[in-house]
Amino acid sequence: MKNLRIAVQKSGRLSEKSLELIRSCGIEFSEDSRVLRTFSPNFPLEFLFVRDDDIPTYVNDGVADIGIVGRNEYDEKGYDLNIVRDLGFAACRLSIAVPNDFDYRDLTSLEGKRIATSYPRITERILKKAGVNASYVTVSGSVEITPQVGIADCICDLVSTGTTLKMNGLKEVEPIYYTSAVMISRKEFEREESERYDVLKRLLVRMDTVAMAKHKKYVLFNLPKKNLNEAAAIIGGMKSPTVTPLMDPDWVSVQSVVAEDRFWTVFESLRELGAEGILVMDIEKMTE
Ligand code: PRT
Ligand code: ZN
């Protein structure tokens, strides 16, 4: 069987979570940071450890079949690729930030200004849409320094906590774009590489199984039998809760899966219905 080739950031904000995701799918690999290409011993997957900026290009050129990269990097490169999955981690925003004495009202305040950014393509697209014509100074790092040294009037950069901006005398005035990690592949991948595409399908089933489990809790509790219908209506569950009789004929033991975001509401309602010995467990893997 042919190996599916995945491009992952070598070291940076995406690396750890990308590898954690693959590991959570039961896929093993060696983690010597000096090795730039490695193979899993228990799944047909080949890893290429590269800079995140290069990942869309490698996928587009067919050097890698899939890649994990920030949506910002993917959009900036502008290749016509498939977003296979939205992974949600490494979330941040692309924001306009200006020196503290800049009189900013809205995007039109940027008319005719010089904006320094590592994402000129995304920024220009959004500003043009808002009818703003600005000029763009492309820098690949330390964007925050550019107004101080006089090569730009303001910046458009990625922000997560905002600390870096503050520390460099800038204020965030307008988020214009939100990003997080995505898995990408070539559009023609399915047609041209059917054997490798089958491996991707296996990987995605594993990823989805883990992802589904992440947002659910397994709940087990004892309940007065007379309240069973009411409890079942509250917890919902995948089909219906599993109900087991107890020695005491007035009581039953109930097991079900509850969505994490509803957990506390369900928990409180169950207590009101007389539930006792409520046991809550993480689920490692799960299918529909
Ligand atoms: O070496 P390589 O080229 O692979 O890595 P890199 O340095 O280009 O990228 P890296 O690891 O910094 O970021 C990879 C991806 O993580 C980005 O493309 C984003 O999709 C995502 N991400 C999430 C971020 C941030 N959060 C983030 N805070 N990328 C960059 N930052 C930087 C930002 O540029 C600014 O300098 O962090 C600083 C701001 O942080 P706060 O917390 O002070 O606001
Ligand atoms: Zn980079």
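Residues numbered from 1 in each chain as written. Chains lettered and ligands numbered in written order. Predicted model: local features only at pLDDT ≥ 70, side-chain atom pairs only at ≥ 80, totals over all residues. Heavy atoms only, no water.

A. Structural context of unusual backbone geometry. Residues other than glycine seldom take positive phi values, yet A90 does so here, at roughly 55 degrees. Mapped onto the secondary structure, A90 falls in the loop between β5 (81-86) and β6 (92-99). Its identity as a non-glycine residue notwithstanding, S142 has a phi of 45 degrees, on the positive side. Tracing the backbone through its elements, the reader meets S142 in the loop between β8 (135-138) and β9 (154-159). (Helix = DSSP H or I, 4+ residues; strand = E, 2+ residues; numbered from the N terminus.)

B. Fine view of the nonpolar core. The biggest cluster of nonpolar side chains holds 27 residues, and the ones touching the most others in it are I6, F47, M183 and L203. Mapped onto this core, the elements with two or more residues apiece are β1 (4-9), α1 (15-24), β3 (45-50), β4 (66-70), β11 (181-186) and α7 (194-214). When residues no more than four places from it in sequence are discounted, the contact partners of I6 are I22, L45, E46, F47, L48, I66, I68 and M183. Counting residues in hydrophobic clusters, the runner-up holds 18 residues, among them Y119, I122, V132 and C156. (Core = buried A, V, L, I, M, F, W, Y, C linked by side-chain atoms within 4.5 Å. Buried < 20%, exposed > 50% of the residue type's maximum accessible area, 1.4 Å probe, protein only. Contact = heavy atoms within 4.5 Å.)

C. Layout of the site of ligand 1. Neighbouring ligand 1 are 21 residues, the closest being R13, N72, T161, G162 and T164. At 2.8 Å from an oxygen atom of ligand 1 is found a side-chain nitrogen or oxygen belonging to Q9. In this structure, an oxygen atom belonging to ligand 1 sits 3.5 Å away from a main-chain N or O atom of T163. Isolated, ligand 1 exposes 840 Å² of accessible area, and the fraction of that covered by the protein chains is 79%. Only β9 and α5 (163-167) provide two or more residues apiece to the shell around ligand 1. In terms of residues, the shell around ligand 1 owes the most to one element, β9, which gives 3 residues. Split by residue class, the shell around ligand 1 holds 6 nonpolar, 9 polar and 6 charged. (Near = heavy atom within 4 Å. Polar contact = N/O pair within 3.5 Å; in protein donor to acceptor, adjacent residues only side chain to side chain. Areas by Shrake-Rupley, 256 points an atom, 1.4 Å probe, with all protein chains shown as cover. Nonpolar A, V, L, I, M, F, W, Y, C, P; charged D, E, K, R; others polar.)

D. Quick peek at the pattern of salt bridges. This structure, assessed with the given rule, holds 20 salt bridges. Residue E46 is joined to R37 by a salt bridge in which the shortest nitrogen-to-oxygen separation is 2.6 Å. Two residues, R105 and D103, come together in a salt bridge whose shortest N-O distance is 3.2 Å. Like D103, R105 is exposed. When salt bridges that share partners are traced, they join R5, D65, E193 and R196 into one network. (Salt bridge = Lys/Arg side-chain N within 4 Å of Asp/Glu carboxyl O.)

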